[in-house]
Amino acid sequence: MCRLLGYLGSPVSLDHLLYKPEHSLIVQSYQPREMISGVVNADGFGVGWYHPEKDTEPFTYKNTLPIWNDINLPSLSRFVESKCVVAYDRSATQGQAMDFANCQPFNYQNLLFFHNGRIENFRKTLHRKIRSILTPEFYELINGSTDSEHIFALLLSLWQENQHLTLESALRKTLLTLLDLAQRDEVDVSANVIISDGHRLIASRFASSSPAPSLYWLRDDPIFPNSVIIASEPLFASNWTAFPENSIMTVEEDCDIQIEKI
């Protein structure tokens, strides 16, 4: 299981967010505490962020190396500041290729998408079924083989076909579609997701069977004032709140939080 991190609030350096906390994303890559499966997250990583002043498409930095082995990330992290950051450590599902096409974040226009979880036996179960209901545009944009990228393509397809929906509602529809497909094939699916457009964070904690992968949120901590952090595991000792299972959270630009059950 991958480890997720999302931040929205006052400008912060990547270094302060990725490296400084005692149980940072770096530490979680080799010493996670709450993973349901796997031991380490050594199959690559990705970071996405938005310009703190200009309304531009996001920037991304990815590698197939373990995050602790990337010699460029520490320097980059001291240079980059952003109001909106998303990142993850990858623990690849057995059989999935270790290449850049399979490394998150996946992005489309101004959206960044991260997924932690899995579709059980994806290639033998829901792979073809999901592809069969994608719109041509997003079918053709798939570059890799992961269930994560296919979930993102499904989200974009459903949103394109139902343009009246909010992004939160499109995510909800995506998760319920996955659940329906999974139940028909009698397989498990889990989908902790973080999506951002640079102004908001939208996150889900979701699984067809309990427990769902862990996910927490923290608002206005003294270390990170005027901000909301979402993380697979608490980054440091504080008043972290666990997401309710099968829920979607929206964090607005003013850090207002709304949580709805799926």
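Rules and cut-offs
Residues numbered from 1 in each chain as written. Predicted model: local features only at pLDDT ≥ 70, side-chain atom pairs only at ≥ 80, totals over all residues. Heavy atoms only, no water. Helix = DSSP H or I, 4+ residues; strand = E, 2+ residues; numbered from the N terminus. Expected span 1.5 Å × (residues − 1). Buried < 20%, exposed > 50% of the residue type's maximum accessible area, 1.4 Å probe, protein only. Contact = heavy atoms within 4.5 Å. Pairing = 2+ DSSP bridges. Axes fitted to C-alpha atoms, helices over the stretch in contact; angles between N-to-C directions. Core = buried A, V, L, I, M, F, W, Y, C linked by side-chain atoms within 4.5 Å. Parallel < 35°, antiparallel > 145°, perpendicular 65-115°, else oblique. Left-handed = near helix turned anticlockwise from the far one by under 90°. Nonpolar A, V, L, I, M, F, W, Y, C, P; charged D, E, K, R; others polar. Disulfide = S-S within 2.5 Å. Salt bridge = Lys/Arg side-chain N within 4 Å of Asp/Glu carboxyl O.

A. Focus on helix α7 (residues 167-185). Here α7 is 19 residues long and its end C-alpha atoms lie 27 Å apart, about the 27 Å a rise of 1.5 Å per residue gives. Every buried residue of α7 is listed here: Leu167, Glu168, Ala170, Leu171, Thr174, Leu175, Thr177, Leu178, Leu179, Leu181 and Ala182. Looking at the buried positions of α7, the neighbouring elements they touch are β6 (111-119), α4 (127-132), α6 (147-161), β7 (189-196), β8 (201-205) and β12 (247-251). Among the residues trailing α7, Glu186 stands out with phi positive, at a value near 55°.

B. Here's a closer look at the sheet that holds β12. Strand order across the open sheet formed by six strands is β5-β6-β7-β8-β12-β13, with antiparallel pairing between neighbours. One side of each edge strand has no neighbouring strand; the edge strands of this open sheet are β5 (106-108) and β13 (257-261). Each strand of the sheet is rotated relative to its neighbour by a mean of 20°, with strand direction disregarded. As paired strands, β5 and β6 are joined by three bridges and run antiparallel to one another. Note that in β6 the partner of Phe106 across the bridge is Phe113. Strands in contact with α7 are β6, β7, β8, β12 and β13; relative to β7, the strand with the most contacts, it is inclined by about 165°.

C. Region of interest: the nonpolar core. Judged by nonpolar contacts, the single largest core of 33 residues is most densely connected at Phe113, Ile119, Ile130, Leu171, Leu178 and Ile195. Elements supplying a minimum of two residues to this core: β6, α6, α7 and β7. Among the elements that make up this core, the one with the highest residue count is α7 (eight residues). Here Leu178 is in contact with Ile119, Leu126, Ile130, Ile151, Leu154 and Val189, once residues within four sequence places are set aside. Of all hydrophobic cores here, the second largest spans 25 residues; its members include Leu17, Leu25, Trp49 and Ala231.

D. Expanded view of the packing of α6 against α7. At a closest axis distance of 9 Å, the pairing of α6 and α7 adopts a crossing angle of 120°. In terms of orientation, α6 and α7 fall into the oblique class. In this structure, the crossing between α6 and α7 has a hand that is right-handed. In contact with Ile151, Leu154, Leu155, Leu158 and Trp159 of α6, α7 contributes Leu167, Ala170, Leu171, Lys173, Thr174, Thr177 and Leu178. Residues that form the contact of α6 with α7 fall into these classes: nine nonpolar, two polar and one charged.

E. Representation of the state of the cysteines within the structure. Taken as a whole and assessed by the stated rule, the structure comprises zero disulfides. The thiol of Cys255 is not disulfide-bonded; the next cysteine sulfur, from Cys84, is found 10 Å away. Its relative accessible area of 6% is what places Cys255 among the buried residues.

F. Expanded view of the sheet that holds strand β4 (residues 81-89). Reading across the sheet, the seven strands line up as β3-β2-β4-β1-β10-β9-β11 and stay open at both edges, with antiparallel pairing between neighbours. Looking at the sheet topology across the chains shown, the edges are occupied by β3 (59-63) and β11 (241-242). By the bridge criterion, two bridges tie strand β9 (residues 216-221) to β11 in an arrangement that is antiparallel. Counterpart to Tyr216 in the pairing with β11 is Ala242.

G. Quick look at the pattern of salt bridges. Under the defined criterion, the tally for this structure stands at eight salt bridges. Among the ionic pairs, Glu168 bridges to Arg200, the shortest N-O distance being 2.6 Å. Residue Glu168 is found in helix α7, and its partner Arg200 is found in the loop between β7 and β8; the two are separated by 32 residues along the sequence. Classification of Glu168 as buried rests on a relative accessible area of 17%. Of the charged contacts, one joins Arg219 and Asp220 as a salt bridge, the two residues approaching to 3.3 Å between their closest N and O atoms. When its relative accessible area of 38% is taken as the criterion, Arg219 is described as partly exposed. Salt bridges sharing common partners tie together Glu168, Arg200 and Glu252.

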